[in-house]
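Residue-level structure breakdown
Chain by chain, the residues run as shown.
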Amino acid sequence: MTVTFLPDFLWGAATASYQIEGGAREDGRGESIWDTFCRAPGAVLNGDNGDVACNHYHRWRDDVRLMADLGLNAYRFSIAWPRILPEGVGRVNPAGLDFYDRLVDALWASGIRPFVTLYHWDLPQTLQDRGGWPERESVAWFAEYAEVVSRRLGDRVRDWITHNEPWVAAMLGYGIGLHAPGLRDPAAALRAAHHLLLSHGEAVPILRRNSPGSSVGITLNLTPIHPASESEADRAAARRKDGFVNRWFLDALYRAAYPADMIEYYHALWSDLPDFPADDLKRIAVPTDFLGVNNYTRHVVRHDLRGVEVQTEYVRVEGAEYTDTNWEVCPAGLSELLMRLHRDYAPPAIYITENGAAFPDAPDANGEVNDARRVAYLRGHLTEAHRAVTAGVPLCGYFVWSLMDNFEWALGYSKRFGIVFVDYPTQRRIVKASGRWYAGVIGAKGIEDEQRREMQSPG
Ligand code: IFM
């Protein structure tokens, strides 16, 4: 099958500040919660940290050239809050702003549209010391940060993402302690989630004022949830999990209300559940221009009273392919998700802001990285994305996660998601087979029929 996207479709790759930049103590950058978390014994696999990462802080010019060589017309990256405001609020660090200023200019000069995420999890440590996201004050801290960044970059950045995956930041960071700041307090996690959403609502008008005519949205991690069986208990478990991960955020953003079934469920679990004022919800549901969708897999769940997350347990699917992070490869889940978002929430535009897979890649004897499984994964997902477009979903772009291998949070450098291989000791970049394949897709504005291409190719 040949699958063609519209000519103005955005073909991008995504990264995040703490995962690639390094330069952790340079040019006045303050500490983030991830710097602290990485020092906690046992928190991150192999004791890895983001001090150097992909050294993008120094190699960014080469990295922009690499993106141009791949033919990308968009690049999603995040800004490190502690580079801009080392103490989180108050004193601005001009060198931090200069770094992103130069990056934005270099991207445009190469014909690459910068998609800027304001928050991809590196909260300044000083703000965590004041309680972090569970504190209502965090909304004002984020608004100040959004103001400073958009005043400087707002004339050139046309696309803003307020937050990346607030579910992960709140639930893994404050609920189960798997991510920074490593707290285990589910009620605090819900407060954090609420403030992340509210801070989004506060930031949208700031970005619109300082960056007139730009598009503003938020990125959520969204996953289709399927019951492991048709039993009533498993179907209820799937609905609960869907409420926990997907509807809690989508309903707040698009319906100005948290789902009633989940409010009831949480109240039964925790007596200290805060009230969520209706006025907050109205502010959260401020109209936006697009929804960013991060999707990697689907989840199959069954009811389990001991389950860590809302009394559910993940079930492994017999015969299915799994990636290196143990996520099922399920391309059909992506079209299912996109069509559901369009039907139930109707965002004016959707971008797939992350999609990709970790596999244990290594250069072969010729120094090439033949990641055939990633090529198959991307081909499958792009084909499903196209199916959704055909069904009327306003999908405007696709960002592969990730441009290059990087720091995979609690899993350190053990998982490789890049379409470009990073040899960490030398910092050499090697474009993987998937990177070359993706460049071909971008050039052709879609996926060409492989058999036809093989028949046409000489020999
Ligand atoms: O690496 C992360 C990214 O920071 C957020 N979304 C999921 C990716 C893969 O786990």
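Everything discussed here concerns the structure shown above.
Below is a summary of the structure that appears in this document. (Residues numbered from 1 in each chain as written. Predicted model: local features only at pLDDT ≥ 70, side-chain atom pairs only at ≥ 80, totals over all residues. Heavy atoms only, no water.)

1. Thoughts on the overall build of the chain
Put simply, the rule is: Segments assigned H or I by DSSP are reported as helices when at least four residues long, segments assigned E as strands when at least two residues long, and all are numbered from the N terminus. Only protein chains enter the calculation, and the probe is 1.4 Å; a residue is then buried if its accessible area is under 20% of its type maximum, exposed if over 50%, and partly exposed in between. Note on definitions: a residue-residue contact is assigned when non-hydrogen atoms from the two residues lie within 4.5 Å. Accessible areas in this description were obtained via Shrake-Rupley with a 1.4 Å probe; residue shielding takes into account the shown protein chains only. Charge assignment: positive for Lys and Arg, negative for Asp and Glu; neither His nor the chain ends contribute. To locate a charge, the coordinates of NZ of Lys, CZ of Arg, CG of Asp or CD of Glu are taken.
Tallying secondary structure elements over the chain gives 16 helices and 15 strands in all. With respect to the principal axes defined by its C-alpha atoms, the chain has extents near 70 × 60 × 45 Å. Burial statistics for the chain: of 459 residues in total, 61% are counted as buried. Partitioning the intrachain contacts of the chain with sequence separation of at least 6 by distance along the chain shows that 76% fall at a separation of at least 24. Total accessible area on the chain stands at roughly 17,300 Å², and carbon and sulfur atoms take up 52% of it. Charge centroids of the chain, computed over 48 positive and 60 negative side chains, lie 2 Å from each other.

2. Considering the site of the ligand
Selection rule: For this purpose, a residue is taken to be near a molecule or strand whenever a single non-hydrogen atom of the residue falls within 4 Å of it. We call two N or O atoms a polar contact when they sit within 3.5 Å, provided that within protein one can donate a hydrogen and the other can accept it, with sequence-adjacent residues counted only if both atoms are side-chain atoms. Asp, Glu, Lys and Arg are counted as charged, while Ala, Val, Leu, Ile, Met, Phe, Trp, Tyr, Cys and Pro are counted as nonpolar; the rest, among them Gly, fall into the polar class.
Lining the immediate environment of the ligand, one finds Gln19, His120, Trp121, Asn164, Glu165, Tyr296, Trp327, Glu354, Trp401, Glu408, Trp409 and Phe417. Here Trp401 contributes a side-chain N or O atom positioned 3.3 Å from an oxygen atom of the ligand. Out of a free accessible area of 280 Å², the ligand has 95% covered by protein chains. Its residues placed into classes, the shell around the ligand shows 6 nonpolar, 3 polar and 3 charged.

3. Thoughts on the pattern of salt bridges
Rule in force here: Any Lys or Arg side-chain nitrogen located within 4 Å of an Asp or Glu carboxyl oxygen qualifies as a salt bridge.
Inspection of every chain in the model, using the stated rule, returns 41 salt bridges. Linking Asp105 and Arg156 is a salt bridge whose minimum nitrogen-to-oxygen distance equals 2.9 Å. Residue Asp105 is located in helix H5 (residues 94-109), and its partner Arg156 is located in the loop between helix H7 (138-153) and strand E5 (159-164); the two are separated by 51 residues in the primary sequence. Residue classification places Arg156 among the buried positions, given a relative accessible area of 18%.

4. A look at the sheet that holds strand E7 (residues 225-227)
Using the following cut-off: Paired strands, in this sense, are two strands between which DSSP finds at least two bridges. Under this scheme, a helix contributes an axis fitted over its contacting stretch, all axes are lines through C-alpha atoms, and angles between N-to-C directions fall in the 0 to 180 degree range.
On the basis of which strands lie adjacent, the open sheet formed by 3 strands has the order E7-E9-E10 and mixed pairing. At either margin of the open sheet sits one strand with a lone partner, and together these are E7 and strand E10 (312-314). Each strand axis lies, on average, 45° off the axis of its neighbour in the sheet, ignoring direction. For E7 and strand E9 (residues 299-303), the ladder comprises 3 bridges, and the chain directions are parallel.

5. Looking at the packing of helix H14 (residues 372-390) against helix H15 (residues 433-444)
To keep things clear, this is the line we draw: When describing relative orientation, an angle under 35 degrees is termed roughly parallel and one over 145 degrees roughly antiparallel, while 65 to 115 degrees is termed roughly perpendicular and anything else oblique.
Following both chains from N to C, one finds H14 and H15 inclined at 30°, their axes separated by 9 Å at the closest point. The orientation of H14 relative to H15 falls into the category roughly parallel. Seen from H14, the contacting residues are Arg374, Val375, Leu378, Arg379 and Leu382; seen from H15, they are Ala433, Ser434, Trp437, Tyr438 and Val441. In the contact of H14 with H15, the residues fall into 7 nonpolar, 1 polar and 2 charged.

6. Looking at the packing of helix H10 (residues 232-255) against helix H13 (residues 331-344)
In a pair of packed helices, the angle between the axes and the distance between the axes together describe the arrangement. Going by this rule: By definition, turning the near helix anticlockwise from the far helix through less than a right angle yields a left-handed crossing, and turning it clockwise yields a right-handed one.
Where H10 meets H13, the axes come as close as 12 Å, and the angle between the chain directions of the two elements is 35°. Like other packed secondary-structure pairs, H10 and H13 cross with a definite hand, here right-handed. Residues Asp242, Asn246, Arg247, Leu250 and Arg255 of H10 form the contact with H13, whose own contacting residues are Arg340, Leu341 and Asp344.

7. Considering the state of the cysteines
Any covalent bond linking the sulfur atoms of two cysteines counts as a disulfide. To be explicit about the condition: A pair of cysteine sulfur atoms is labelled a disulfide when the two atoms are within 2.5 Å.
Enumeration according to the criterion identifies 0 disulfides in this entry. For Cys38, which is in no disulfide, the shortest distance to another cysteine sulfur is to Cys54 and amounts to 14 Å.

8. Focus on a nonpolar patch on the surface
Selection criterion: Residues with no salt bridge and a relative accessible area higher than 30% make up the patches, which join like charges within 9 Å and nonpolar side chains (Val, Leu, Ile, Met, Phe, Trp, Tyr) within 5 Å.
Taken together, the side chains of Ile176, Leu178 and Val308 define a hydrophobic patch exposed on the protein surface, amounting to about 270 Å² of accessible area. Topologically, Val308 is positioned in the loop between E9 and E10.

9. A look at the packing of aromatic side chains
Filter applied, for reference: Pairing of aromatic rings covers Phe, Tyr and Trp, the last counted by its six-membered ring, and requires centre-to-centre distances within 6.5 Å; plane angles under 30 degrees mean stacked, over 60 mean edge-to-face, and any other angle means tilted. As a reminder, the over-ring test applies to NZ of lysine and CZ of arginine, requiring each to be within 6 Å of the ring centre and within 35 degrees of the ring normal.
Going through the model one piece at a time under the given rule, you end up with 42 aromatic pairs. Judged by centre distance (6.4 Å) and plane angle (85°), the ring pair of Trp60 and Phe99 falls under edge-to-face. Pair noted here: Trp60 is in helix H3 (residues 56-70) and Phe99 is in helix H5, with a separation of 39 residues, a long-range link. According to the relative accessible area criterion, Trp60 is buried, its value standing at 6%. Positioned above the aromatic ring of Phe99, the side-chain terminus of Arg83 is 5.9 Å from the ring centre. Positioned over the ring face of Tyr322 is Arg316, at 3.8 Å from the centre of the ring.

10. Quick look at the sheet that holds E5
Spatial ordering of the closed barrel is given by E2-E3-E4-E5-E6-E8-E11-E12, a layout of 8 strands whose pairing is parallel. Strand-to-strand twist in this sheet, taken as the mean axis angle between neighbours without regard to direction, amounts to 25°. Relative to strand E3 (residues 74-78), strand E2 (residues 10-14) is paired through 3 bridges, and the arrangement is parallel. Looking at the pairing, Ala14 lines up with Arg76 of E3. Packing of H13 onto the sheet brings it into contact with strand E8 (290-294), strand E11 (350-354) and strand E12 (395-401), and relative to E11 it is tilted by some 140°.

11. What about unusual backbone geometry?
Backbone phi values are negative for most residues with the exception of glycine, while trans is the configuration of most peptide bonds. The step from Ala180 to Pro181 runs through a cis peptide bond, and the omega angle for that step is 5°. Tracing the sequence through the fold places Pro181 in the loop between helix H8 (166-175) and helix H9 (186-210). Here Asn46, not a glycine, exhibits a phi torsion of approximately 60°, which is positive. With respect to the helices, strands and loops of the structure, Asn46 is situated in the loop between helix H2 (33-39) and H3. Positive phi, normally seen in glycine, also occurs at Gln427, with a value near 65°. On the secondary structure map, Gln427 appears in the loop between strand E13 (420-423) and strand E14 (428-431). Overall, the relative accessible area of 7% leaves Gln427 in the buried class.

12. Some points on the side chain of Thr162
Here Thr162 is to be found in strand E5. At a separation of 2.7 Å, a polar atom in the side chain of Thr162 contacts the side chain of His200. Each residue touching Thr162, except ones within four places of it in the same chain, is listed here: Leu118, Tyr119, Phe142, His200, Ala203, Val204, Leu207, Val216, Gly217 and Ile218.

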